[in-house]
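# Report on the structure
This is what each chain is made of:
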Amino acid sequence: MPERLDPTPDGLRRAAELLAAGLLVAFPTETVYGLGADATNPDAIRRLYEAKGRPTHNPLIVHLAKAEDAPRWAAEWPESARRLAQRYWPGPLTLVVPVGAGIAPETLAGGSTVGLRVPDHPVALALLALLPFPLAAPSANASGTLSPVEAAHVLASLGDRVAAVLDGGRCRVGIESTVVDCTDAVPRVLRPGVLTAEEIGATAAGFTTGGALRSPGLLDRHYAPAVPLRLVSRPELERAPDGVARVFFGAPDCPVGEHDAVLPRDPRAAAAALYATLWNVQSRATAIWVEAPPTNDEWHAVRDRLSRAVVPS
Ligand code: AMP
Ligand code: MG
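Now for a quick tour of the structure. Predicted model only: the values in this text are computed from it and were never measured. (Residues numbered from 1 in each chain as written. Chains lettered and ligands numbered in written order. Predicted model: local features only at pLDDT ≥ 70, side-chain atom pairs only at ≥ 80, totals over all residues. Heavy atoms only, no water.)

## Here we look at the site of ligand 1
For clarity, the threshold we go by: Whether a residue is near a molecule or strand depends on its heavy atoms: if one lies within 4 Å, it is near. Contacts described as polar in this section are N or O atom pairs within 3.5 Å, which, within protein, must combine one atom able to donate a hydrogen with one able to accept it, while residues neighboring in sequence count only if both atoms come from side chains. Residue exposure ignores everything except the shown protein chains as possible cover, and the areas themselves are Shrake-Rupley values with a 1.4 Å probe. Working definition: helices are DSSP H or I runs of at least four residues, strands are E runs of at least two. Numbering for both runs from the N terminus.
As a structural note, the neighbourhood of ligand 1 is formed by 13 residues, with Arg54, Asn58, Thr113, Pro138 and Arg191 the closest of them. Thr113 has a polar side-chain atom sitting 3.0 Å from a nitrogen atom of ligand 1. Surface burial for ligand 1 is 83%, taken as the share of its 490 Å² of free accessible area covered by protein chains. Elements with a minimum of two residues in the shell around ligand 1: β6 (113-117) and β10 (188-191). The element best represented in the shell around ligand 1 is β6, accounting for 3 residues.

Encoded structure:
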């Protein structure tokens, strides 16, 4: 069984010791739990891809203790990255820049850029501060499945494939960071998150503001719960058959059953509760139907995750 560590000085020291030996330690961040490995150690990174079953063409985000460390790992530190790091780090924002020396090429999936982030979580920052290397850390779950927002989710998804889990309680932001490409003159969002393109002065990729969902069949299946998930309109949701767990954004007019969940009709609050809710209902239903969220920019990240969790029909 993996070691379950409390975020005490002893627990943090033990986590650092395992990581320095090239092993995998899951730790809490403000977004989701990360599966940490020494980003400079090719063996540790290979172990990480294997533990997740992650396709090796999907690069890893590298976590740093402080913004001042970023130029050390970048070949260039563009003005846009400097400005965004200053404004939003520590925080749920990953900046993609040309990679410098020292990061294992396996971390970058063969690319010449690196995604850097300083997480806004006291346990993650305390752990990073103990380490002489940065931590590559994707979400601490089997590739393609629901991301973990509690230590128990990590254990349920990865079991013995992780050496230890640092337990820092429930993650506050609840969905993965906004990823921004800073290698061009105008920063461009590669993956939406709770920090929106408009807020950070970047151009949006993928969905356009106010646009419709892209066809689920065209999207990578990702973030998927253990049972089939569908996105439906509220009237359809109100008429869902028995046995289906329903997820509403805002209280519905119809009665709410014990397997149903009502999430706040506020995009950040809904994001914070989304994965925890899906983890909860996936064990109690044969299918999950979720109300299609609004199509404005603030809901972009929640729409993105849900559309990738849909089972193509
Ligand atoms: P995950 O680790 O599962 O949260 O996903 C990390 C995501 O960050 C990847 O799927 C990419 O979209 C993005 N990413 C990380 N590093 C890079 C990079 N060097 N270039 C472009 N995108 C990146
Ligand atoms: Mg992930």
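## What to know about helix α2 (residues 42-52)
Helical geometry note: an α-helix holds 3.6 residues per turn, so side chains three or four residues apart project in the same direction. Rules: For the exposure calls, accessible area comes from a 1.4 Å probe over protein chains only, and a residue counts as buried if that area is under 20% of its type's maximum, exposed if over 50%, partly exposed in between. Taken from the helix axis, the directions to the C-beta atoms give the arc we talk about. Any pair of residues with heavy atoms lying within 4.5 Å of one another is described as a contacting pair.
Residues of α2 that are buried: Ala44, Ile45, Leu48, Tyr49, Ala51 and Lys52. What you see down the axis of α2 is that its buried residues fit within an arc of 165°, all on one side. Against β3 (34-38), β7 (135-136) and α6 (151-158) lie the buried residues of α2. Directly beyond the C-terminal end of α2, a positive phi value near 65° is found at Gly53.

## As for the side chain of Arg54
Put simply, the rule is: Asp and Glu are treated as the negative residues and Lys and Arg as the positive ones, with His and the ends of the chain left uncounted. Here, a salt bridge means any Lys or Arg side-chain nitrogen found within 4 Å of an Asp or Glu carboxyl oxygen.
On the secondary structure map, Arg54 appears in the loop between α2 and β4 (61-63). Buried charge without a salt bridge: Arg54, with Glu176 as the nearest opposite-charge side chain at an N-O distance of 8.7 Å. Within polar-contact distance, the side chain of Arg54 engages the backbone oxygen of Pro59 at 2.8 Å.

## A word on the packing of helix α9 (residues 267-282) against helix α10 (residues 300-309)
What counts here: Note on definitions: angles span 0 to 180 degrees between N-to-C directions of axes, and those axes are lines fitted to C-alpha atoms, for helices only across the stretch in contact. The labels follow the angle: roughly parallel below 35 degrees, roughly antiparallel above 145, roughly perpendicular from 65 to 115, and oblique for the rest. When residues are sorted by character, Ala, Val, Leu, Ile, Met, Phe, Trp, Tyr, Cys and Pro go into the nonpolar class, Asp, Glu, Lys and Arg into the charged class, and all the rest, Gly among them, into the polar class.
α10 packs onto α9 with a crossing angle of 25° between their chain directions and a minimal axis gap of 9 Å. One finds that α9 runs roughly parallel with respect to α10. Between α9 and α10, the residues in contact are Pro267, Ala271, Leu274, Tyr275 and Leu278 and Val302, Arg305 and Leu306, respectively. Split into classes, the residues belonging to the contact of α9 with α10 amount to 7 nonpolar, no polar and 1 charged.

## Section: the packing of aromatic side chains
Applicable threshold: Only centres within 6.5 Å qualify two rings of Phe, Tyr or Trp (six-membered ring in Trp) as a pair; their planes then separate them into stacked at under 30 degrees, edge-to-face at over 60, and tilted for everything else.
This structure, assessed with the given rule, holds 3 aromatic pairs. Pairing Trp77 with Trp89 gives two aromatic rings, centres 6.0 Å apart and planes at 35°, and the pair type is tilted. Of this pair, Trp77 sits in the loop between α3 (70-73) and α4 (79-88) while Trp89 is found in the loop between α4 and β5 (93-98), placing the two residues 12 residues apart along the sequence. Take Trp77: its relative accessible area is 22%, and that puts it in the partly exposed class.

## Topic: the pairing of β5
Which entries qualify depends on this criterion: The pairing criterion is simple: DSSP has to find at least two bridges between the two strands.
For β5, the buried fraction is high: 6 of the 6 residues fall into the buried class. In this structure, β5 lies alongside strand β9 (residues 178-181), joined through 4 bridges in parallel fashion. Note that in β9 the partner of Thr94 across the bridge is Val179. Sheet analysis places β5 next to β6, joined by 4 bridges and oriented antiparallel.

In short, shape yes, function no, at least from these values alone.
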